[in-house]
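Breakdown of the fold
Okay, here's what each chain looks like letter by letter:
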Amino acid sequence: MPSFLIAPKLLELFATEVPFDINLDAYDGVISTHHYSSSLIATHKEKQKCNVPLIDVHTDYTPFPIIIHPFIDCYTGAVPNEDADKNLNPKLVATGIPVRKAFRYDGRPKEPTIIILGGADGFGELEKIALFAKQLDPSYTIQVICGRNNDARVRLGEIISSSDVFGYIEDISPYLNRAEFIITKASGLSVTEALNCESIPLFPPPILSWEDEAARYISARGAGVCIPDFNDAGVR
């Protein structure tokens, strides 16, 4: 992750400017899944002189922790930072990335299907990826889950069968259980859900540096495949 996004002064400014009127002593514990919220809560935990346990959960395949604060009690994630200060090591717990129980392979045969995931809001070059996926193997069905992006849904219906283009789906675990492959950015939650359902993730060229780092980490361990570059005609 670019260092400027987690610079101490920026995190301090964020924690100072964001309204916070929560009495942390009212809770038995706090779990945070984003480094900004972890920094915010840790800062106010210190101000309130509160002892409530605060757990920072890292939900990507980049090394954790991203930030360090003395009032964070535990850091969890998939890949502990090997270069972390030795005094911090007791706080690092390699739990993996948590997902719902629904994302578990049901044991039924897979189908020759490639699913393209566009996230809840259907971001990304979905049409370009669909054109790329179509030429991989004509025996495979291409499906796209494009979230709330209705414009993309209409355009995608002109590239593949409109019956294989879906909007927002609350629970995609049945789709991942049937698909052999998914094409998605290297987001920790989506990738972990796919791997739990025994789908193989394919990673398009990343937009963000930490997505590239995560995609390379997963691919290097044989759990996914990086697509270095592509156009409508195929891999370049």
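Let me sum up the structure you'll find in this document. (Residues numbered from 1 in each chain as written. Predicted model: local features only at pLDDT ≥ 70, side-chain atom pairs only at ≥ 80, totals over all residues. Heavy atoms only, no water.)

Considering the nonpolar core
I116, L156 and I183 are the most contacted members of the largest nonpolar core, which has 19 residues in total. Those elements that provide at least two residues to this core are β5 (111-117), α3 (126-134), β6 (141-145) and α4 (150-156). The element contributing the most residues to this core is α3, with 5 residues. In contact with I183, not counting residues within four places along its chain, are I114, I115, I116, L117, I129, A133, L202 and P204. (Core = buried A, V, L, I, M, F, W, Y, C linked by side-chain atoms within 4.5 Å. Buried < 20%, exposed > 50% of the residue type's maximum accessible area, 1.4 Å probe, protein only. Helix = DSSP H or I, 4+ residues; strand = E, 2+ residues; numbered from the N terminus. Contact = heavy atoms within 4.5 Å.)

Quick notes on the sheet that holds strand β1 (residues 30-32)
The strand order across the open sheet built from 4 strands is β1-β2-β3-β4, with neighbouring strands paired in parallel fashion. At either end of the open sheet lies a strand with only one pairing partner, and these are β1 and β4 (92-94). Across the sheet, the mean angle separating the axes of adjacent strands is 25 degrees when strand polarity is ignored. Bridge analysis of strand β2 (residues 54-57) against strand β3 (residues 74-77) gives 3 bridges, and the strand direction is parallel. Within β3, the residue paired with I55 across the bridge is C74. Across the sheet, helix α2 (residues 35-47) touches β1 and β2, and the angle it forms with β2 is around 165 degrees. (Pairing = 2+ DSSP bridges. Axes fitted to C-alpha atoms, helices over the stretch in contact; angles between N-to-C directions.)

Points about the sheet that holds β5
What links the strands of a sheet is backbone hydrogen bonding, and the strands pair in either a parallel or an antiparallel sense. The strand order across the open sheet built from 6 strands is β7-β6-β5-β8-β9-β10, with neighbouring strands paired in parallel fashion. Whereas interior strands pair on both sides, the edge strands pair on one side only; in this sheet they are β7 (165-166) and β10 (225-226). Bridge analysis of β6 against β7 gives 2 bridges, and the strand direction is parallel. Bridging from a neighbouring strand, V144 pairs with V165 of β7.

A word on unusual backbone geometry
At the junction of F64 and P65, the peptide bond is cis and its omega measures out at 5 degrees in the coordinates. Its location among the elements puts P65 in the loop between β2 and β3. A positive phi angle, near 50 degrees, is found at K49, a position not held by glycine. Within the secondary structure layout, K49 lies in the loop between α2 and β2. Phi at E198 is positive, roughly 60 degrees, even though this residue is not glycine. On the secondary structure map, E198 appears in the loop between α6 (188-196) and β9 (200-203).

Details of α2
With 13 residues, α2 extends 18 Å from end C-alpha to end C-alpha; this agrees with the ideal 18 Å at 1.5 Å per step. α2 sits mainly inside the fold: 10 of its 13 residues count as buried. Looking only at α2, the buried set comprises H35, Y36, S38, S39, L40, I41, A42, T43, H44 and K45. Positive backbone phi, at 50 degrees, marks K49, one or two positions downstream of α2. (Expected span 1.5 Å × (residues − 1).)

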